[in-house]
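Each chain, written out:
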Amino acid sequence: MLNYIDLYYQHRIDTTVPIEDTMGELKKLVEEGKIKYIGLSEASPDTIRRAHAVHPITALQIEWSLWTRDIEEEIVPLCRELGIGIVPYSPLGRGFLVARRLLKVCLQTVLWNHILDFKERKNKIFYARMEELAEKHGCTPAQLGLSWVLHQGR
């Protein structure tokens, strides 16, 4: 039986508390042997740098997929620079890459149209291109999306 937590995430960072204070408390837990590693969830580049200065961050959980790539300009290079692993959540683009199967099941529910805005032309074009590329490689768009995420490196 383990007497510690392997990876403890600070989810939904409280912006009313300085990240340095939060990290200081988590660092104490590491020193006491209660947790081994510290992770952050959905942190900005500034927050990542400030937190990492107090204690090394092991992992960052953040949305990343072929459909959601806005972390690539700043956050991915920063994490690589600091040796922080990225744990992508919603690697299927919040269901976007399983659109055809999901559409058959959900029959274009209000939720589907609201969250993914599938009716928007650019999304339809993007998904059609994903289907074509997936077919070329003998897989589904979802498999293609997961493969892409896995091939982004550590």
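Residues numbered from 1 in each chain as written. Predicted model: local features only at pLDDT ≥ 70, side-chain atom pairs only at ≥ 80, totals over all residues. Heavy atoms only, no water.

Participant: Would you take a moment to explain the sheet that holds strand β1 (residues 5-10) for this structure?
Facilitator: In a beta sheet, neighbouring strands are held together by backbone hydrogen bonds and run either parallel or antiparallel to one another. On the basis of which strands lie adjacent, the open sheet formed by four strands has the order β1-β2-β3-β4 and parallel pairing. The two strands at the open ends of the sheet, each matched to only one other strand, are β1 and β4 (85-89). When the angles between neighbouring strand axes are averaged without regard to direction, this sheet yields 30 degrees. Judged from the three bridges that link them, strand β2 (residues 35-41) and strand β3 (residues 59-63) form a sheet pairing that is parallel. Across the sheet, residue Ser41 finds its bridge partner in β3, namely Gln61. (Pairing = 2+ DSSP bridges. Helix = DSSP H or I, 4+ residues; strand = E, 2+ residues; numbered from the N terminus. Axes fitted to C-alpha atoms, helices over the stretch in contact; angles between N-to-C directions.)

Participant: Looking at this structure, I do not really get the nonpolar core. What am I missing?
Facilitator: Here is a general trend for soluble globular proteins: nonpolar side chains tend to be buried in one another's company. Grouped together as the largest cluster of nonpolar side chains are 26 residues, with contacts concentrated most on Met23, Leu40, Ile48, Ile57, Leu60 and Ile75. When residues no more than four places from it in sequence are discounted, the contact partners of Leu40 are Tyr9, Gln10, Ile13, Ile19, Met23, Ile48, Ala51, Ile57, Ala59, Leu60 and Gln61. (Core = buried A, V, L, I, M, F, W, Y, C linked by side-chain atoms within 4.5 Å. Buried < 20%, exposed > 50% of the residue type's maximum accessible area, 1.4 Å probe, protein only. Contact = heavy atoms within 4.5 Å.)

Participant: Is there a simple way to explain the packing of aromatic side chains in this structure?
Facilitator: Summed over all chains, the structure comprises one aromatic pair. Considering the side-chain rings of Trp64 and Trp148, the 5.7 Å spacing of their centres and the 80 degrees angle between planes classify their relative orientation as edge-to-face. Of this pair, Trp64 sits in the loop between β3 and α3 (75-82) while Trp148 sits in helix α7 (residues 141-150), and the two are 84 residues apart along the sequence. (Phe/Tyr/Trp six-rings, centres within 6.5 Å; stacked < 30°, edge-to-face > 60°.)

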